[in-house]
Amino acid sequence: ELTVAGDGTNAIEVTEGAVTFDFDGRVVFVPAGAATKVTAKGPSTPLFTDCSAELRRAVGLFDRATMAGESGMREKGVYAVVQAVREPRDTLVLWHLLRDPDPLLREQAAAALLDLAGPPPDDPIVLDPPTWDPAVWLAWLRLGAWRPAK
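Reference entry: report on the structure contained in this document. (Residues numbered from 1 in each chain as written. Predicted model: local features only at pLDDT ≥ 70, side-chain atom pairs only at ≥ 80, totals over all residues. Heavy atoms only, no water.)

1. Observations regarding unusual backbone geometry
With glycine set apart, most residues show a phi of negative sign, and most peptide bonds adopt trans. The phi dihedral of Asp 24 falls on the positive side, at around 55°, and the residue is not glycine. Taking the relative accessible area as the measure of exposure, Asp 24 reaches 76% and is therefore exposed. (Buried < 20%, exposed > 50% of the residue type's maximum accessible area, 1.4 Å probe, protein only.)

2. A few points about the pattern of salt bridges
Applying the stated criterion to the full structure yields 3 salt bridges. Its salt-bridge partner being Arg 89, residue Asp 50 comes within 3.6 Å of it at the nearest N-O pair. With Asp 50 in the loop between strand 7 (47-48) and helix 1 (53-68) and Arg 89 in the loop between helix 2 (71-84) and helix 3 (91-97), this pair connects stretches of sequence that are 39 residues apart. Classification of Arg 89 by relative accessible area gives buried; the value is 15%. One salt bridge connects Arg 86 with Glu 54, and the closest N-O pair in it is separated by 2.6 Å. Of this pair, Arg 86 sits in the loop between helix 2 and helix 3 while Glu 54 is found in helix 1, placing the two residues 32 residues apart along the sequence. (Salt bridge = Lys/Arg side-chain N within 4 Å of Asp/Glu carboxyl O. Helix = DSSP H or I, 4+ residues; strand = E, 2+ residues; numbered from the N terminus.)

3. Comments concerning the nonpolar core
Core analysis: the largest hydrophobic core is formed by 35 residues, its most contacted members being Leu 55, Val 81, Leu 94, Leu 97 and Trp 146. For this core, the secondary structure elements donating two or more residues are strand 4 (26-31), strand 5 (34-39), strand 7, helix 1, helix 2, helix 3, helix 4 (103-117) and helix 5 (134-143). Those residues within four positions of Leu 55 in sequence are excluded, and the remaining contacts are Leu 47, Val 81, Ala 84, Val 85, Asp 90 and Val 93. (Core = buried A, V, L, I, M, F, W, Y, C linked by side-chain atoms within 4.5 Å. Contact = heavy atoms within 4.5 Å.)

4. A few points about helix 4
Between its first and last C-alpha atoms helix 4 spans 20 Å; for 15 residues at 1.5 Å apiece the expected length is 21 Å, and the two agree. For helix 4, every residue scored as buried is listed here: Leu 105, Ala 109, Ala 110, Ala 112 and Leu 113. Contacts made by the buried residues of helix 4 are with helix 1, helix 2, helix 3 and helix 5. Where helix 4 terminates, the next one or two residues include Gly 118, which has phi positive at roughly 75°. (Expected span 1.5 Å × (residues − 1).)

5. With respect to the packing of aromatic side chains
For the structure on display, the rule yields 3 aromatic pairs. Relative to Trp 95, the ring of Phe 29 has its centre 6.1 Å away and its plane inclined at 70°; by these criteria the two rings are edge-to-face. A residue pair is termed long-range when its members are at least 10 positions apart, and Phe 29 in strand 4 and Trp 95 in helix 3 qualify at 66 residues. Using a relative accessible area of 6% as the deciding quantity, one classes Phe 29 as buried. In this structure Trp 95 comes out as buried when scored by relative accessible area, which is 1%. Ring geometry for Phe 29 versus Trp 146: centroids 6.2 Å apart, planes at 25°, classification stacked. Of the two residues, Phe 29 sits in strand 4 while Trp 146 sits in the segment after helix 5, which places them 117 residues apart along the sequence. Here Phe 29 matches Trp 146 in class, with each residue buried. Three or more aromatic residues joined by ring pairs form one cluster here, namely Phe 29, Trp 95 and Trp 146. Positioned above the aromatic ring of Phe 48, the side-chain terminus of Arg 89 is 3.8 Å from the ring centre. (Phe/Tyr/Trp six-rings, centres within 6.5 Å; stacked < 30°, edge-to-face > 60°. Lys NZ or Arg CZ within 6 Å of the ring centre and 35° of its normal.)

Now the structure itself:
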């Protein structure tokens, strides 16, 4: 479902399947049950529509800081995200952070992802050094953590 606001912002809620955006080298994956907003600066980090208000605020902080290029606020945003993730479906945000250009932010997201979802079966990602390949995690999370609530 696409909603276009007067300011040019597009709100996209995926009701079936998935949508992938590749914007300026950034890949954004929006599975069924999740939504994102798209502006001229690109898509926001997607969230499942039933996520907590706390997670929604934390992701908003992170996205605003990213769009403004404020590295210190990005760090605060990731810290807030890591504190707010509680449900397996919250790992959608963490998966997107695995692609972040800042290795320290990726590391925080990866640790929270591993705590919340556990490692994919039969995959050596927990070895030293971990690979944290988002492609490996995608199938695992789609089959488990991101399944629609019944």
